Amino acid sequence: MSKRDELIAKYADDLKNKCGMTPDMDLLTKVTIGCGPSIYNADSETVAATQSDELKTVKDNFLIKKLGLKEGPELMAAINSVMQTYGMSERNKYRPVVYYMLTKHFGKESVYS
């Protein structure tokens, strides 16, 4: 099993056990690949839910640039909702898991097809 496959399995486990979702493995794999080398770096692999700069980066670089969404209050509301689903007490919120849930939330799976 490759390092990436191991990480995808870890992200799928988080989706199942921490977020209560059954992951679409094809979409999760594509989202993970889309994160690039950041998944191999301990700092960039996770999203710091308590840092507003980090959440703004998720909004600007992922929701607006990658998913093509328009700026609006619903973007931050969705990010906050995903963070609640993941669990605020959960220290490691993995970027591919957060991006996966945001992709599903906005119904933007087609971006990865």
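Further up the page is the structure itself.
The sections below set out a description of the structure shown in this document. (Residues numbered from 1 in each chain as written. Predicted model: local features only at pLDDT ≥ 70, side-chain atom pairs only at ≥ 80, totals over all residues. Heavy atoms only, no water.)

Take helix 4 (residues 73–86) next. Across its 14 residues, helix 4 extends 20 Å between first and last C-alpha, which sits within 8% of the 20 Å expected from 1.5 Å per residue. Listed in full, the buried residues belonging to helix 4 are L75, A78, I79, V82, M83 and Y86. Down the axis of helix 4, the smallest arc covering the buried residues is 135°, so these residues share one side. Projecting away from the buried face of helix 4 at angles above 90 degrees are the exposed residues P73 and Q84. Contact partners of the buried residues in helix 4: helix 1 (3–17), helix 3 (52–66) and helix 5 (95–105). Backbone geometry just after helix 4 places G87 at a positive phi near 105°. (Helix = DSSP H or I, 4+ residues; strand = E, 2+ residues; numbered from the N terminus. Expected span 1.5 Å × (residues − 1). Buried < 20%, exposed > 50% of the residue type's maximum accessible area, 1.4 Å probe, protein only. Arc of directions from axis to C-beta. Contact = heavy atoms within 4.5 Å.)

The biggest cluster of nonpolar side chains holds 33 residues, and the ones touching the most others in it are L63, V97, V98, M101 and L102. Those elements that place two or more of their residues in this core are helix 1, helix 2 (25–34), helix 3, helix 4 and helix 5. Residues in contact with V98, not counting those within four places in the same chain, are V47, V82, M83, Y86 and K93. (Core = buried A, V, L, I, M, F, W, Y, C linked by side-chain atoms within 4.5 Å.)

Pairing of side chains with opposite charge becomes possible as their charged atoms draw close. According to the stated counting rule, one finds 8 salt bridges in the structure shown. In this structure, K18 and E90 form a salt bridge, with 3.1 Å as the shortest nitrogen-oxygen distance. Pair noted here: K18 is in the loop between helix 1 and helix 2 and E90 is in the loop between helix 4 and helix 5, with a separation of 72 residues, a long-range link. Among the residues examined, E90 registers a relative accessible area of 22% and is labelled partly exposed. Between K30 and D26 there is a salt bridge, and its shortest N-O distance comes to 3.3 Å. In this pair, K30 and D26 are both assigned in helix 2, 4 residues apart and thus about one turn of the helix distant. Residue class for K30 comes out partly exposed when judged on its relative accessible area of 30%. A single salt-bridge network, built from bridges that share partners, covers D14, K18 and E90. (Salt bridge = Lys/Arg side-chain N within 4 Å of Asp/Glu carboxyl O.)

That is the geometry; function is a separate question.
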